[in-house]
Amino acid sequence: MTTPFPYEHGQVPPPECPAHGLGVGPGGLRRLYGPEAEQDPHGLYEKLRAEHGTVAPVLLHGDVPAWLVLGHSENLHMTRTPSQFSRDSRRWRALQDGSVAPDHPLAPIFTWQPICVFADGASHERQRGAVTDSMARIDTRGVRRHVNRYSNRLVNGFCQEGRTDLVAEFAERLPMMVMCAILGMPEEYNDRMVEAARDMIKGTATAVQSNAYVVGALTRLVERRRREPADDFATWLVEHPANMNDQEVAEHLRLILIASYEATANLIANVLRMVLTDPRFRARLSGGHMTVPEAVEQTLWDEPPFTAVFGRWAVGDTELGGKHIKAGDALIVGIAPANTDPVVRPDLAANMEGNRSHLAFSGGPHECPGQDIGRAIADVGVDALLLRLPDLELAVAENELRWVGNFMSRHLVELPAEFAPRSPQDDREPPSMGRPAAARQDWEVQSAVRHTAPTPVRAPLDGSHAPSSAAPAGATATADGSAETLSGRVPRQRKPGGPARLWRVVTRWWGGD
């Protein structure tokens, strides 16, 4: 049986070889790392699909061979059949023959650990059961309160400036703030934790050190919760009947923290980008024809927060997608390419609302157990941000937006936005629109959405306080005291004492809200 990896067992070019900078490596195989893979992953997927079909041979960092599964049904079969495709990385032939060193850039991802993500069968059921049981104890209302409060706090940090980077100042911070609170270590939230969480899955030279930083913080948390139990996720894992030891608990907390953070940060950024760049998307959201959760679900199809998940390892010689897979081969769950598989999605422009058959959270027994928490953070966070700053506008041309990434994820570098400056809001209160600060003179928001509903000026019964002549007849007073003329186009109420609620409905309708 022939293999598409003719250079195995010590024939990999050295890391300093110039060939490592190109998109094609030994044997003509395409690299899943480097400039091409990072700048245009979707283009790379389509090339691989055209060349190899639903399962393609690729090269990981250091030109280590693996299989990328592109087909939707092939990914489902692989993730749902652990008897053929195991999650135990110790089966990887490249590890057994020394082709992959312990300090490989992807070591934080594939190095076997005593956690459910690397287990099958009874071990997986025991550890996964502890995680899912603890997840079930999370108070979803409490999570939403955390999200609203932290969203308000983050917006307060830039709302008076009239301009911000929604990636660095919101999308990358909110999930970590919420997850640290859920796990039971809000005091550990800082910029270093955010940076380490991003860095450790990128395959960088500092990934191992970043991983050590995160593990250190979580180990301290577990030790503290052994001594001082509290009503938080870490305590629930420590006290669970599964009787996990300290290392197991710390590693599961690491898994939950990093997976939830990375996925949710990317998801929030992607939803906000679609809101700011696609007029149809924003119009439907503003007009009530699409809810934020529906917008999130559409984004999970188009821009899943994880583009791929590494990995699965063949238990024995088998076949997938017409390719011969050898025992010990590594396989990658291709989330993004599966979501664009022409067999299940022939028209990429088709509306996918209400369809949750995407693979954004993988599938099978290892499907992400925290997906509902991630959805809640994204749903409530985006909704809170848009409520506080409904006039958000992209501050640069859409073609100026840049992405960075690796074979596992792709995220925006920045998302500059402008809005009318506003005063900070008490973060103990629910997010609200508030009052804009001084009007900006250098730009005008072109939006059909009226952000302050006009309040009618009621004529006094005795006529002693008639409106000033500065306000023409038929005008209404806005929230800041200014006058707005409707030129008699809005029907007058039939009598002065007409219901204010009806008037608000009519004026909101007239303003396109």
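Higher on the page you've got the structure.
Residues numbered from 1 in each chain as written. Predicted model: local features only at pLDDT ≥ 70, side-chain atom pairs only at ≥ 80, totals over all residues. Heavy atoms only, no water.

(A) Expanded view of the overall build of the protein. The number of helices and strands found in the protein is 18 helices and 15 strands. Looking at the protein residue by residue over its 513 residues, the buried ones come to 52%. Of the contacts formed within the protein by residues at least 6 apart in sequence, a portion of 68% connects residues at least 24 apart. Counting every atom, the protein has about 23400 Å² of accessible surface; 52% of that belongs to carbon and sulfur. (Helix = DSSP H or I, 4+ residues; strand = E, 2+ residues; numbered from the N terminus. Buried < 20%, exposed > 50% of the residue type's maximum accessible area, 1.4 Å probe, protein only. Contact = heavy atoms within 4.5 Å. Areas by Shrake-Rupley, 256 points an atom, 1.4 Å probe, with all protein chains shown as cover.)

(B) Spatial organisation of the pairing of strand 2 (residues 55-60). Across the six residues that make up strand 2, a large majority, six, are buried. Side chains of strand 2 alternate between two faces, with V55, P57 and L59 and A56, V58 and L60 buried alike. Sheet topology note: the strand 1 (residues 30-31)/strand 2 ladder contains two bridges and is parallel. Its bridge partner being in strand 2, R31 is matched across the sheet by L59. Strand direction decides the pairing type here: strand 2 and strand 3 (residues 64-69), joined by six bridges, are antiparallel. When the bridges of strand 3 are listed, V55 appears paired with V69. Here strand 2 folds back onto strand 3, and the loop between the two strands holds three residues, one of which, G62, carries a positive phi near 75°. (Pairing = 2+ DSSP bridges.)

(C) How the structure looks around the pairing of strand 9 (residues 330-333). Side chains A330 and I332 of strand 9 all project onto a buried face; the interleaved residues L331 and V333 project onto the opposite face, where all are buried too. Pairing between strand 3 and strand 9: three bridges, direction parallel. Paired with L68 across the strands is I332, a residue of strand 9. Pairing geometry for strand 6 (residues 309-314) and strand 9, over four bridges, is antiparallel. Bridge assignment links W313 to a residue of strand 9, and that residue is A330.

(D) Spatial organisation of the sheet that holds strand 4 (residues 85-86). With mixed pairing, six strands are arranged side by side in an open sheet as 1-2-3-9-6-4. With one partner strand each, in any of the chains shown, strand 1 and strand 4 form the two edges of the open sheet. Sitting on the sheet, helix 2 (residues 41-52) is in contact with strand 1, strand 2 and strand 3, with an inclination near 130° to strand 2. In this fold helix 3 (residues 72-80) packs onto strand 2, strand 3, strand 4, strand 6 and strand 9, with an angle of close to 120° to the strand it touches most, strand 9. (Axes fitted to C-alpha atoms, helices over the stretch in contact; angles between N-to-C directions.)

(E) Representation of the side chain of N75. Following the sequence through the fold, N75 ends up in helix 3. On the basis of relative accessible area, N75 is assigned to the buried category, the value being 0%. Apart from the residues lying within four places of it in its own chain, the contact partners of N75 are V69, L70, I332, V333, G334, A338 and L359.

(F) A look at the pattern of salt bridges. Counted under the stated rule, the structure contains 24 salt bridges. Ionic pairing is found between R30 and E51, a salt bridge with its closest N-O pair at 2.6 Å. Taken together, the residues span a long stretch of sequence, with R30 in strand 1 and E51 in helix 2 at a distance of 21 residues. As a salt-bridge pair, R225 and D232 come within 2.7 Å of each other at their nearest N and O atoms. For the pair shown, R225 and D232 are each scored as buried. (Salt bridge = Lys/Arg side-chain N within 4 Å of Asp/Glu carboxyl O.)

(G) Structural view of the packing of helix 13 (residues 246-277) against helix 17 (residues 371-388). The interhelical angle for the contact between helix 13 and helix 17, taken along N-to-C directions, is 40°, at an axis separation of 9 Å. When the axes of helix 13 and helix 17 are compared, the pair comes out oblique. For the crossing formed where helix 13 meets helix 17, the hand is right-handed. Residues T264, L267, I268, V271, L272 and V275 of helix 13 form the contact with helix 17, whose participating residues are G374, I377, A378, V382, L385 and L386. When grouped by side-chain class, the residues that make up the contact of helix 13 with helix 17 number ten nonpolar, two polar and no charged. (Parallel < 35°, antiparallel > 145°, perpendicular 65-115°, else oblique. Left-handed = near helix turned anticlockwise from the far one by under 90°. Nonpolar A, V, L, I, M, F, W, Y, C, P; charged D, E, K, R; others polar.)

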